[in-house]
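Here is what each chain is made of, one letter per residue.
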Amino acid sequence: MRVALVLVIILPFVIGIGLFLKSRLILQDVSLWELLFSSEWRPLSGKFGFFPFIVSSLWVTVLSLIIAGPICLLTAIHLTQYADNWVLKIMHPVIDILAGIPSVIYGVWGTLVIVPLISNHIAPLFHTDTSGYSILAGGVVLAVMIIPFVLNILIEVFKTIPIELTEASLSVGASKWQTIKLVHIRKAFPGIISAFGLGLSRSFGETIAVLMVVGNVSKIPGGVFEPGYPLPALIANNYGEMLSIPLYDSALMLAAFVLLIVVLLFNLASRILIIRTERYR
Amino acid sequence: MKRQTLIKAEEVFFRVIMFLSSMIIAATLFLIIFSIFYKGLPSLSWDMVSQTPKGGFYFGKEGGILNAIVGSIYLAGGSTLLSLAIGLPLALFLNINIVSKKRLVNAIRFFLDLLWGIPSIVYGAFGFTLMIYLGLKTSLLAGIITVTLFILPIMVRAMDEVIKTIPIGLLEASYSLGSTKSETAYRIFFRQTIPGIVTAILLSFGRAIGDAASVLFTTGYTDHMPTSLTQPTATLPLAIFFQLSVPIREVQNRAYASAAILVFIILIISILSRIFARKFQKNQIK
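Trainee: Account for the overall build of chain B, with residues named and values stated.
Mentor: Within chain B, the regular secondary structure consists of 12 helices and zero strands. If you list the helices and strands of chain B from N to C, you get α-α-α-α-α-α-α-α-α-α-α-α. Taken over the C-alpha atoms alone, chain B extends approximately 70 × 65 × 35 Å along its principal axes. The proportion of buried residues among the 286 residues of chain B is 53%. For chain B, the proportion of contacts with a sequence separation of at least 24, taken over those separated by at least 6, is 76%.

Trainee: Tell me about the overall build of chain A, residues and numbers included.
Mentor: Summing up its helical and strand segments, chain A has 11 helices and two strands in all. Walking chain A from its N terminus toward its C terminus, one meets helices and strands in the order α-α-β-β-α-α-α-α-α-α-α-α-α. With the C-alpha coordinates aligned to their principal axes, the bounding extent of chain A is approximately 70 × 55 × 30 Å. In chain A, which comprises 281 residues, the proportion classed as buried is 54%. A separation threshold of at least 6 residues defines the contact pool for chain A, and within that pool the share at least 24 residues apart is 73%. When the accessible surface of chain A is split by element, carbon and sulfur atoms take 66% of a total near 12300 Å². In chain A, which carries 17 positive and 14 negative side-chain charges, the distance between the mean positions of the two groups comes to 9 Å.

Trainee: Explain the packing of aromatic side chains to me, and be specific about the residues and the numbers.
Mentor: Two aromatic rings are characterised by how far apart their centres lie and by the angle between their planes. Summed over the entire model, instances satisfying the criterion amount to 10 aromatic pairs over all chains. Ring plane angle 75 degrees and centroid distance 5.3 Å describe the contact between Phe53(A) and Tyr229(A), whose orientation is recorded as edge-to-face. Placement of the pair is Phe53(A) in helix α3 (residues 51-82) and Tyr229(A) in the loop between α9 (208-213) and α10 (231-237), with a sequence separation of 176 residues. Among the residues examined, Tyr229(A) registers a relative accessible area of 9% and is labelled buried. Here the aromatic rings of Phe128(B) and Phe217(B) are separated by 5.8 Å at their centres, their planes lie at 45 degrees, and the arrangement is tilted. Note that Phe128(B) is positioned in helix α5 (residues 120-134) and Phe217(B) in helix α10 (residues 213-218), a separation of 89 residues in sequence. The pair formed by Phe128(B) and Phe217(B) is uniform in burial state, with each residue classed as buried.

Trainee: Residue-level account of the domain arrangement of chain B, with values.
Mentor: Residues and elements named next belong to chain B. What the domain assignment reports for chain B is domain 1 (2-43) and domain 2 (46-283). Taking the mean C-alpha position of each, domain 1 and domain 2 sit 32 Å from one another. For the domain 1 and domain 2 pair, buried surface summed over both sides reaches about 650 Å², with 82% attributable to carbon and sulfur atoms. Looking at the side of domain 1 facing domain 2, the largest losses of area belong to Ile36, Phe37 and Ser43, adding up to 60% of the total buried there. Here domain 1 and domain 2 share zero salt bridges between them. For the pair domain 1 and domain 2, the interface holds zero residue pairs in polar contact (both at pLDDT 80 or more). For the side of domain 1 that touches domain 2, the residue count by class is four nonpolar, two polar and one charged.

Trainee: Give a description of the interface of chain A and chain B that names residues and reports values.
Mentor: With 74 residues of chain A at the interface, the matching set in chain B holds 66 residues. Approximately 6600 Å² of surface area, both sides summed, lies buried where chain A meets chain B, with 83% of it carried by carbon and sulfur atoms. The tally of links from chain A across to chain B stands at three salt bridges. When the shortest N-O distance is used, the salt bridge between Arg271(A) and Asp113(B) registers 4.0 Å. Scanning the region where chain A abuts chain B turns up seven residue pairs in polar contact (both at pLDDT 80 or more). Of the residues that constitute the side of chain A that touches chain B, the class distribution is 56 nonpolar, 11 polar and seven charged.

Trainee: Give a detailed account of the packing of helix α1 (residues 2-29) of chain A against helix α3 (residues 66-96) of chain B, specifying residues and quantitative values.
Mentor: Angle between the axes and distance between the axes are the two parameters that describe a pair of packed helices. One can describe the packing of α1(A) onto α3(B) by two numbers: an axis separation of 9 Å at closest approach and a directional angle of 100 degrees. In terms of orientation, α1(A) and α3(B) fall into the roughly perpendicular class. Along the contact surface, α1(A) presents Arg2(A), Ala4(A), Leu5(A), Leu7(A) and Val8(A), while α3(B) presents Ile86(B), Leu90(B) and Phe93(B). Partitioned by chemical class, the residues of the contact of α1(A) with α3(B) number seven nonpolar, no polar and one charged.

Trainee: Lay out a nonpolar patch on the surface in plain terms, naming residues and giving numbers.
Mentor: A cluster of nonpolar side chains, contributed by Val6(A), Ile9(A), Ile10(A), Phe13(A), Val14(A), Ile17(A), Phe20(A) and Leu21(A), occupies part of the molecular surface with about 690 Å² of accessible area. Here Leu21(A) lies in helix α1.

Trainee: Could you give an account of the environment of Leu84(B), with specific residues and numbers?
Mentor: All names here are of chain B. With respect to the secondary-structure elements, leucine 84 resides in helix α3. Overall, the relative accessible area of 22% leaves leucine 84 in the partly exposed class. Taking the C-alpha atoms as reference points, leucine 84 and valine 156, 72 residues apart in sequence, are found 8.4 Å from one another. When sequence neighbours within four positions are dropped, the list of residues in contact with leucine 84 reads Pro89, Met155, Met159 and Ile201.

Trainee: Give a detailed account of helix α4 (residues 102-117) of chain B, specifying residues and quantitative values.
Mentor: Residues that lie three or four places apart on an α-helix share one face, since the helix turns once every 3.6 residues. For α4(B), spanning 16 residues, the distance from its first C-alpha to its last is 23 Å, which sits close to the expected 22 Å at 1.5 Å a residue. All buried positions along α4(B) are accounted for by Val105(B), Ile108(B), Arg109(B), Phe110(B), Phe111(B), Leu112(B), Asp113(B), Leu114(B), Leu115(B) and Gly117(B).

Trainee: Hey, could you go over the side chain of Thr129(B) for me, with residue numbers and the actual values?
Mentor: The residue Thr129(B) is located in helix α5 in this model. Those residues within four positions of Thr129(B) in sequence are excluded, and the remaining contacts are Lys22(A) and Met253(A).

Trainee: Provide a residue-level description of the packing of helix α1 (residues 2-40) of chain B against helix α12 (residues 249-283) of chain B, including the pertinent values.
Mentor: Residues and elements named next belong to chain B. One way to put it is that α1 packs onto α12 with a least axis distance of 8 Å and a crossing angle of 135 degrees. Accordingly, the angle class assigned to the pair α1 and α12 is oblique. Of the two possible hands of crossing, α1 and α12 adopt the one that is left-handed. On the side of α1, the interface is formed by Ile33, Ile36, Phe37, Lys39 and Gly40, while α12 contributes Tyr256, Ala257, Ala259, Ala260, Val263, Phe264 and Leu267. Its residues placed into classes, the contact of α1 with α12 shows 10 nonpolar, one polar and one charged.

How each quantity is defined
- Along each chain, numbering runs from 1 in the same order as the chain's sequence is written.
- Labels are handed out in written order, letters beginning with A for the chains and numbers beginning with 1 for the ligands.
- For this predicted model, a pLDDT threshold of at least 70 governs which residues receive local features, and a threshold of 80 or more governs which side-chain atom pairs are given and counted, while totals over whole chains, interfaces and linings are taken from all residues.
- The basis for every side-chain value is the complete set of heavy atoms in the structure, and neither hydrogens nor water enter the calculation.
- By the criteria applied, helices consist of DSSP H or I runs no shorter than four residues and strands consist of E runs no shorter than two, each listed in order from the N terminus.
- Working definition: with a 1.4 Å probe on protein chains only, accessible area under 20% of the residue-type maximum means buried, over 50% means exposed, and in between means partly exposed.
- We call two residues in contact whenever any of their non-hydrogen atoms come within 4.5 Å of each other.
- To measure how exposed things are, a 1.4 Å probe is used in the Shrake-Rupley method; for residues, cover is taken only from the protein chains shown.
- Positive charges come from Lys and Arg, negative ones from Asp and Glu, while His and the chain ends are left out of the count.
- The atom standing in for a charge is NZ when the residue is Lys, CZ when it is Arg, CG when it is Asp and CD when it is Glu.
- Any two of the Phe, Tyr and Trp rings considered here, Trp counted by its six-membered ring, make a pair once their centres fall within 6.5 Å; the pair's planes then place it as stacked at under 30 degrees, edge-to-face at over 60, or tilted in between.
- Annotation comment: domain bounds sourced from an automatic or database domain assignment.
- Summed over both partners, the accessible surface that disappears when two parts come together, traced with a 1.4 Å probe, is what is meant by buried area.
- Salt-bridge detection follows one rule: a side-chain nitrogen of Lys or Arg within 4 Å of a carboxyl oxygen of Asp or Glu.
- Polar contact criterion, stated in full: a pair of N or O atoms within 3.5 Å, where within protein one must be able to donate a hydrogen and the other to accept it, and residues adjacent in sequence count only if both atoms are side-chain atoms.
- Under the scheme applied here, ten amino acids are nonpolar (Ala, Val, Leu, Ile, Met, Phe, Trp, Tyr, Cys and Pro), four are charged (Asp, Glu, Lys and Arg), and all others, including Gly, are polar.
- Every axis in this analysis is a line fitted to C-alpha atoms, fitted for helices over the stretch in contact. Angles between the N-to-C directions lie between 0 and 180 degrees.
- Note on angle classes: values under 35 degrees are labelled roughly parallel, values over 145 roughly antiparallel, values of 65 to 115 roughly perpendicular, and the remainder oblique.
- A patch consists of residues whose relative accessible area exceeds 30% and which take part in no salt bridge; residues with like charges are grouped when within 9 Å of each other, and nonpolar side chains (Val, Leu, Ile, Met, Phe, Trp, Tyr) when within 5 Å.
- By this rule, a helix spans an expected 1.5 Å times one less than how many residues it contains.
- In this scheme the crossing of two helices becomes right-handed for a clockwise turn of the near helix relative to the far one and left-handed for an anticlockwise turn of less than a right angle.

Below, the structure written as structure tokens:
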């Protein structure tokens, strides 16, 4: 048991160190700054600029939260405050199943439904022409994927609000909605922020589903209808060829390392925020 | 009076959009399942599930996806068993041996939550470096090791949440009757929470069978049946991913059929875990 415990505790460090050791090769040649903020990606001539991929990642991640955030917040309030029993009976299994669907299935759904929807119906509304394989498609698919995740955390957050607060608010004459708006949301605010933070980090690391709908063109995207190429997709797409060029291999491992660090920091910040709010309840 | 109606109107407005957003989520799930089955079920036949792909690598028009189904079950089954062997003692250890050290237990939980947040592609990349370090080739074994690392935190945390619900009184009663720690762990705590632990195992199995990014580097892909731990092995998620990108209709149909099978498996897992979760709630000591 102690061995298992030690294994679990050293695992993230081993992952971090392993990836870092592999990425040291490229860091000896080029500075980290140059790698992260140069936009020239030509592996065969030794140019590894991650900037377009980082920008794409930010685009799809932020977009997914813009779509999923309000829906999750509204649904969480609905389910914890207003929903009838029959709605709960439907929604609990729905959230569970959504959380269990593998990302590759979301990807297939994206190519079957979202991509044609964007190219045939949404893009014409904005007078643009697109294949549908775009930042927007990636954002929508990611939004659906993080909804069950964020929603579950938000429901937990709203459940921790003490009943006395609600009673006090109602007894001074506030309506139910006023109580929710002025008491619950304010009280739950740190929890909401951390739920969104965890959602962001989940989006940031998601690979296959995004890869299937986002288009994978390595240039800085100029808008939501243009294709992008997020970091995880870059790693996943190039695993076959990277072995032959040591520097390429090293660059992709650096990408994985950056991904790990960003996700861990986001997770750390969000979880600490949750724990602190629970303590001062 | 006017203010009152405004307040009322605002509440009604928000109640409507809140209800709508719940319904959007439910509708999206039905749309996902419907679109996958609509595309996948017509291609699903006995040949599809009983034969391996025939013809060239990726491009054969004949045959089915038996290799991916079997490969996925081997991979998910192997890694679930392996992480059960590590995870169950660990979860029991947290709740019995060191339960009095609250800070330590909470720190470990926090740590496991962090591990849960690491994206599977990072596990994949790490598994790949580990593989090279150990001198392994892309193989079923490398896949099982990587996926085990990936699902271990999920399984331990899920079991921990279940075991945590056992009241401390049961622990004290067991000790006072003279049981040792391990007797308490396996004869009392484990037995009491079996349905909940099965739910945790099912959850981990679902994760293991559905993840593509962690097996992409490590398990590889092949048209053949898996015969040994050291061979590359096809899995359902990668069967979907690779075959969908081939511009031949018959091959793409195999991808859609694989998707339908994968969704079917996930739905069954979800139903089973609901049944066990309900059973667990009935058994729970308040």
